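Structural overview
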Amino acid sequence: MKKKFRMHRKISSLWAILLLLFFSEISFADLPNAPGKATVVRVCGKCHSPEQASSLHQDRFGWEETITKMIKFGAQGSDDDFDTILAYLARNFGPQKPGPININKATMVDLETTLLLRRHEARAILEYRAKDGDFKSLDDLKNVPGLDFKKIEAKKDRVTF
């Protein structure tokens, strides 16, 4: 695994700079206090909010793929750092079925990961909610421009109001 991380570390840090422009105030207070948290905060905290890390629940292989992808985007750290991050994420954010999501309180990351929406669809829900107020029923989501309602309907058992 270290060799795989090492191969990708030479990728330009341009992606890291671009990602930093998208994320400003970062707080990791919500991450579990466990061995490896400091490394996650130091390395991953340059680009990610805690909601992004804690919203995903993957097995060890899934986290390894995610870390490799982040290295391609320019994440900087040693092989030991990435091994520590992998162990922390696999231990604290392993696979589990996500619970229901309150559509009126959900963040963009929640909508993307729990309902498997594309970024533009999650943004459309947030914008519609901000403009027109809380959703009262599943049918209200049909009025959101740019949202593929079939995705919501397929996961209706995971949506609350």
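Because the structure is predicted, anything quoted here is derived from the model rather than measured.

Re the side chain of D81
Structurally, the position occupied by D81 is in helix α6 (residues 79-92). In this structure, D81 is in contact with T39, R42 and V43, ignoring residues within four places of it in sequence.

Some details on the nonpolar core
I103, L111, L115, I125, L141, V144 and I152 are the most contacted members of the largest nonpolar core, which has 18 residues in total. Here this core takes four residues from helix α8 (residues 119-132), the largest share from any one element. Other than its neighbours up to four places away in sequence, L141 contacts I103, I125, F135, L147, F149 and I152. Grouped together as the second largest cluster of nonpolar side chains are 13 residues, I67, I71, Y88 and L89 included.

Topic: the pattern of salt bridges
Per the stated rule, a full pass over the model turns up four salt bridges. Of the charged contacts in the structure, one is a salt bridge between E121 and K151, with a shortest N-O distance of 2.8 Å. A residue pair is termed long-range when its members are at least 10 positions apart, and E121 in helix α8 and K151 in helix α9 (residues 149-154) qualify at 30 residues. Judged by relative accessible area, which is 3%, E121 ranks as buried. Using a relative accessible area of 25% as the deciding quantity, one classes K151 as partly exposed. Close ionic contact of K142 with D139 constitutes a salt bridge, the shortest N to O distance being 3.4 Å.

Considering the packing of aromatic side chains
This model, assessed by the stated rule, comprises two aromatic pairs. Taking the centre distance of 5.6 Å and the plane angle of 10 degrees together, the rings of Y128 and F135 count as stacked. Looking at F135, the relative accessible area reads 3%, which means it is buried.

Considerations on the state of the cysteines
Tallying each qualifying case throughout the model produces zero disulfides. Take C44: it sits in no disulfide, and the sulfur closest to it among the cysteines is that of C47, at 8.8 Å.

Examining helix α3 (residues 37-44)
All buried positions along α3 are accounted for by K37, T39, V40 and V43. End-on, the buried residues of α3 take up no more than an arc of 160 degrees, which puts them together on one face. Looking at the buried positions of α3, the neighbouring elements they touch are α6.

About the criteria used
- Residues numbered from 1 in each chain as written.
- Predicted model: local features only at pLDDT ≥ 70, side-chain atom pairs only at ≥ 80, totals over all residues.
- Heavy atoms only, no water.
- Helix = DSSP H or I, 4+ residues; strand = E, 2+ residues; numbered from the N terminus.
- Contact = heavy atoms within 4.5 Å.
- Core = buried A, V, L, I, M, F, W, Y, C linked by side-chain atoms within 4.5 Å.
- Buried < 20%, exposed > 50% of the residue type's maximum accessible area, 1.4 Å probe, protein only.
- Salt bridge = Lys/Arg side-chain N within 4 Å of Asp/Glu carboxyl O.
- Phe/Tyr/Trp six-rings, centres within 6.5 Å; stacked < 30°, edge-to-face > 60°.
- Disulfide = S-S within 2.5 Å.
- Arc of directions from axis to C-beta.

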